[in-house]
Amino acid sequence: MPKRGTPPIQEDLLQGTLDVLILRTLTFGPAHGHTIAHAIERRSDDVLQVEHGSLYPALHRLEDRGWIASFWGTSENNRRARYYRLTPLGRRQLVQQTNRWDALVAAVNRILRPAPDEPGRT
Amino acid sequence: MSWRRFLRRARWDAERAEELRSYLEIETAENVSRGMTPEEARAAAHRRLGNTTRIREDIYEMNTVRMFATVGQDVRYAARVLRRSPAFTLVAVLSLALGIGASTAIFQLIDAMRLRSLPVAHPNALVDVSIETHGTGRTGRFTSRYPRMTNPIWEHLREAQHVFEGVFAWSPASFDRSTGGASRPVSGIWVSGGFFETLGVRPSLGRLLGPADDRRGCGTPAVVLSDAFWRREFAANPGVIGTTLPLDAVPYTIVGVTEPRFFGLEVGRRFDVAVPLCAEALRDPADVQLDRRQDWWLDVVGRLAPGVTLARANAELNGLSPALFAATMPPNYTASDAKAYAAFTLTAEPAGTGASELRSAYSQPLWLLLGIAGLVLLVACGNLANLMLARASARERELAVRLAIGASRWRIVRQLLVESFMLAAAGAILGAGLAASLSRALVASLATADAPVFVDLGADWRILAFTAGLAVLTSLLFGLMPAIRATRTAPGLAIRAGGRGMSDSRERSRLRRGLVVGQIALSLVLVAAALLFAGTLYNLQHADSGMQTSGVAVASVTVRPEDVPEASRAVFFRDLVARVGRIPGVEGVTPAAIVPLLGSIANDTVVLDGHRMKPYPNINVVGPAFFAVMRIPFIAGRNFDPTDTPVSPKVAIVDEAFGRAYFGTPQPIGRGFSFDRPADQPSPVWRIVGVVRNTKYSDLRDDLGPIVYFADTQDADPPGPSLTMLVRTAAGQVPTEPILRAVHKAAPGAVVTVGRLDDRIDATFQRERLMATLSSFFGVLAAVLAAVGLYGVMSYLVARRRTEIGIRLALGATRLRIMRLVLTESTGLVAVGLALGLLLTMAAGRAVGALLFGLTATNPWILALAAAGLALTAVLATAIPARRASRLSPTTALRED
């Protein structure tokens, strides 16, 4: 059975990252899968190349946890599409996940940029 | 993940497909608007999205309860595998069905007799009131199967108690519907007025008995029929209400029929009629038990009032005991009896499961049989484990491939277990069907002509749980180890070994040998048990009773006061005996107060020189022909003769044990003794005039003890309405018709039963017969299963050593040598198994000791016979594979590699 709750970042870095990106994207309002995928790419200046297909299981997972909810709607160019929106629970999760992400980034940064004057060991 | 989504995952998937399609459309449209051709746009969109099927599978997987989905797969897979090897499946299911069926059948009986509550309202609040004698004993006349109370005690208790919401007395009794001629026995119960109300039994027709029906001098008493009796004898005719039913020549008015589920209070029996206690006074006005303070024949049951605990009930019963026993003191007790009686107290204990003499007689045998059936099941499991191991070897490659491509070990173990469990479940279902008819046959085998047995065998949760538990347990027993073994092989090795089971076969064949050793050991226990019980039955049937029972018939005659007034009964019976004696073919006939070997007992306390002696001698009152009819030889002195009359000096004939017990000599001719009597009653001195050989008295299983015979011609008391005669005929036939004619000429209303003494005695061996039959069945079954197991293992070993045997043959070994090779191997296994089995048998022997007669559990002949029988079976089981090995063609065997 799929696990509930937030998996530890170090175990599932990429998946967790994708989750938080989706949540962040949805803060701007409901969107369908296509929009989300493009939004993530665009907002990361195309650094994060998401395979669009992997987005859907992630969406499903988030919905399963109750962080986002979905409904069928009509897209900008008049096509039927499944829209996702952030739930209050998801909003709280986003804050939490963002904090964890910041902590992680800070930790990684401390390691990657050590004090400049440390005597080198050979 | 929600269950709802799990159950509707197909629809969910369709929705996802649509969602992905919508992505593709939007992306394609955007691509087109960027200037691509539609084909290019679509292809690019697909590239962008990735593999849609894969995505859907991922999501589908997230929606499944993985365990369930894969178990479903396992079940389907296992069903396919089992279908592909029908012979294996059939053998497995059948042997399990036999084992599980037998165990369940026996458990059903235990459940019905021991565990299940009575079919009445709130049976848990019922308590049985009995007498605590504080190490002393009760004195008096004990009749009925539950002689716990006298009627005066019951009446006093009824008035004095405050702890019961309702309380009643009852007693099982046999009635006779016949109004003359052959007897028509009816199984009845005497009940006090509160019986049905206290139990909460409802009528299905008419009304039941109430307090108004049970008043002293009850006029024309009412009778209630059981539903079964009403259907059987009256074809369920509602018109019987208000009609008359004669019981023991007393007319009763039928007032109602009980609800069908109520069979009475006695587990193992079923009542036909319930009659009020007050009617007892009408049965034989000369001998009314109701007022007799030393006639023990009633059982008292109460329903605790709300809020009253058992402890409180006991305290109150204890408190009212002194007054109760003082008020009901029997009049002609000796001083010591009276002292003991005054100290009695009443106690109560839970009675929710009802009374049963069957229970005490059959509890131990049934638990033992359950154990035996369990062992058989274990042996069957051993076979299946062996088969599963063999199959696992054969499927090594398949399993290895699955392990290699990423299946987890647990996954494979689970799949193999599912196979085992499906086999066990099929076995259990078949076994449950088998158990239904088996348990019915078992019940039928407990019944005798005189005592039909009724056990309500309806299934309840206990039986279901038992069967299901057996299925799970057996599947683990025979499936778990092979499954774990099968996955232990490193996949690479197994695949390289080309599916020939090379990798760990040494370890696995050790396991298989171990299983066979265990099977042989258990089988020996079971075969020995079978021989012990068969031996016990044989010993009983051929036990020396000191007399010759074959060729003797037992005839009982009960006369009605209208035919034979009480005053002329003695003369009538004397004439009747003479008339029966004149029937052609009859060699001798004698009245007897006690028919030997059928369980009846009369005894008393001998007093010598003012000392009360132990043990109590058994007593019989007989005619002079008794010793000739029963072929009991005289050692010394004379037989009874016509000079022994009520007024002549009292004489007695004793057996040798009597002389040894009280006079220190086997031939105490001329010595006198008397019995313990109250001071105000005459206590005549009995003079010993004859000594006969020792005989058994009430039971063939008993040791020889002191017996004293009195002459019926010296008996001054008027006889009761019944006479029992022992009739020896030259050809050993049962002269029913002539006796009926002889009786009816004089007393047309008399009721007569005639039967062979040997048949009656045989009926007392019911328990031994049951044990002998069933344990023999199980013993043979176990031996066959063990033989099949041995055959399987030896065949497997021969197959595995084909190459070696081929080389040996090629190098010049004779076929005989090869056969010996195989036989030696199996002999080793059998020897270890038998040795282990002997130890087990000795250890288990203690459990059966009490059920044996004439031999002990460690009887060397029995053990040797069992071991020899099993060894022979084992040799036969090995002979086939051994022959096969010796017939091997070396070239073929070698070419196969």
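This text follows the structure it describes.
Residues numbered from 1 in each chain as written. Chains lettered and ligands numbered in written order. Predicted model: local features only at pLDDT ≥ 70, side-chain atom pairs only at ≥ 80, totals over all residues. Heavy atoms only, no water.

K.L.:
Got a sec to walk through the overall build of chain A? Specific residues and values, please.
P.N.:
Each helix and strand counted, chain A has four helices and three strands in total. Each helix and strand of chain A, ordered N terminal to C terminal, gives the series α-β-α-α-β-β-α. A buried classification covers 40% of the 122 residues belonging to chain A. Accessible area for chain A stands at about 7500 Å²; split by element, carbon and sulfur atoms hold 55% of it. (Helix = DSSP H or I, 4+ residues; strand = E, 2+ residues; numbered from the N terminus. Buried < 20%, exposed > 50% of the residue type's maximum accessible area, 1.4 Å probe, protein only. Areas by Shrake-Rupley, 256 points an atom, 1.4 Å probe, with all protein chains shown as cover.)

K.L.:
Give a description of the overall build of chain B that names residues and reports values.
P.N.:
Assigned secondary structure in chain B consists of 28 helices and 25 strands. A compact globule built from 897 residues should have a C-alpha radius of gyration of about 29 Å, whereas chain B, at 38 Å, is more than 25% larger. Each principal axis of the C-alpha atoms in chain B carries an extent, and together these give about 135 × 80 × 50 Å. In chain B, which comprises 897 residues, the proportion classed as buried is 51%. Excluding contacts between residues fewer than 6 apart, the proportion of contacts in chain B whose partners are at least 24 apart in sequence is 81%. Total accessible area on chain B is roughly 39500 Å²; 59% of this is exposed by carbon and sulfur atoms. (Rg over C-alpha atoms; globule rule 2.2 N^0.38 Å. Contact = heavy atoms within 4.5 Å.)

K.L.:
Explain the interface of chain A and chain B residue by residue, including any values.
P.N.:
Contacts between the two partners involve 26 residues from chain A, matched on the other side by 27 residues from chain B. Interface of chain A and chain B: buried area, both sides summed, is about 2400 Å²; carbon and sulfur atoms make up 55% of it. Here chain A is connected to chain B by four salt bridges. Of the charged contacts in the structure, one is a salt bridge between E18 of chain B and R80 of chain A, with a shortest N-O distance of 2.9 Å. (Buried area = accessible area lost by both parts, 1.4 Å probe. Salt bridge = Lys/Arg side-chain N within 4 Å of Asp/Glu carboxyl O.)

K.L.:
Could you give an account of the pairing of strand β1 (residues 126-132) of chain B, naming the residues involved and the relevant values?
P.N.:
All names here are of chain B. The buried fraction of β1 amounts to six of the seven residues, a majority that puts the element mostly inside the structure. Bridge analysis of β1 against strand β12 (residues 299-304) gives four bridges, and the strand direction is antiparallel. When the sheet's bridge partners are listed, V127 is paired in β12 with G302. Where β1 lies against strand β13 (residues 345-350), six bridges are found, and the strand directions are antiparallel. Along β13, the bridge assignment pairs D128 with E349. (Pairing = 2+ DSSP bridges.)

K.L.:
An account of the sheet that holds strand β2 (residues 68-74) of chain A is needed here, citing residue identities and associated values.
P.N.:
Residues and elements named next belong to chain A. Taken together, three strands build an open sheet; the order of strands is β1-β3-β2 and the sheet is antiparallel. Edge strands, defined here as strands with exactly one partner in the open sheet, are β1 (31-32) and β2. In this sheet, strand β3 (residues 80-86) lies alongside β1 in antiparallel orientation, the contact comprising two bridges. Across the sheet, residue H32 finds its bridge partner in β3, namely Y83. Running at roughly 120 degrees to β2, helix α3 (residues 52-65) makes contact with β2 and β3 of the sheet. (Axes fitted to C-alpha atoms, helices over the stretch in contact; angles between N-to-C directions.)

K.L.:
Describe in detail the nonpolar core, supporting the description with residues and values.
P.N.:
All names here are of chain B. Counting 124 residues, the largest nonpolar core has W170, F195, F533 and Y709 as its most contacted members. Element by element, the count of residues in this core is highest for helix α13 (residues 357-394), at 17 residues. In this structure, V129, A169, L290 and W296 belong to the second largest nonpolar core, which totals 52 residues. (Core = buried A, V, L, I, M, F, W, Y, C linked by side-chain atoms within 4.5 Å.)

K.L.:
Residue-level account of the sheet that holds strand β14 (residues 552-558) of chain B, with values.
P.N.:
Residue and element names in this part refer to chain B. The sheet built from five strands is open, its strands ordered β4-β25-β14-β24-β15 with mixed pairing. Two strands bound the open sheet, and with one partner strand each, they are β4 (181-182) and β15 (586-591). Helix-sheet contacts for helix α19 (residues 569-581) involve β14, β15 and β24 (722-729), and the interaxial angle to β24 is about 20 degrees. Along the sheet, helix α22 (residues 736-746) contacts β4, β14, β24 and β25 (751-756); its crossing angle with β25, the most-contacted strand, is approximately 155 degrees.

K.L.:
Break down the side chain of N694 of chain B for me, with residues and values.
P.N.:
Residues and elements named next belong to chain B. Within the fold, N694 resides in the loop between β22 (686-692) and β23 (707-711). A distance of 3.2 Å separates a polar side-chain atom of N694 from the backbone nitrogen of E656. Within the structure, N694 has its side chain in polar contact with the backbone nitrogen of A657 (distance 2.9 Å). Residues within four places of N694 in sequence aside, it is in contact with S545, G546, D655, E656, A657, R660 and L704. (Polar contact = N/O pair within 3.5 Å; in protein donor to acceptor, adjacent residues only side chain to side chain.)

K.L.:
How would you explain the packing of helix α2 (residues 9-33) of chain B against helix α3 (residues 38-49) of chain B if you had to name every residue and give the values?
P.N.:
All names here are of chain B. Where α2 contacts α3, the axes come no closer than 8 Å and their chain directions differ by 130 degrees. Taken together, the axes of α2 and α3 are oblique relative to one another. Relative to α3, α2 is oriented so that their crossing is right-handed. Of the residues in α3, those in contact with L20, Y23, L24, E25, E27, T28, N31 and V32 of α2 are P38, A41, R42, A44, A45, H46, R48 and L49. Residue classes in the contact of α2 with α3 are distributed as nine nonpolar, three polar and four charged. (Parallel < 35°, antiparallel > 145°, perpendicular 65-115°, else oblique. Left-handed = near helix turned anticlockwise from the far one by under 90°. Nonpolar A, V, L, I, M, F, W, Y, C, P; charged D, E, K, R; others polar.)

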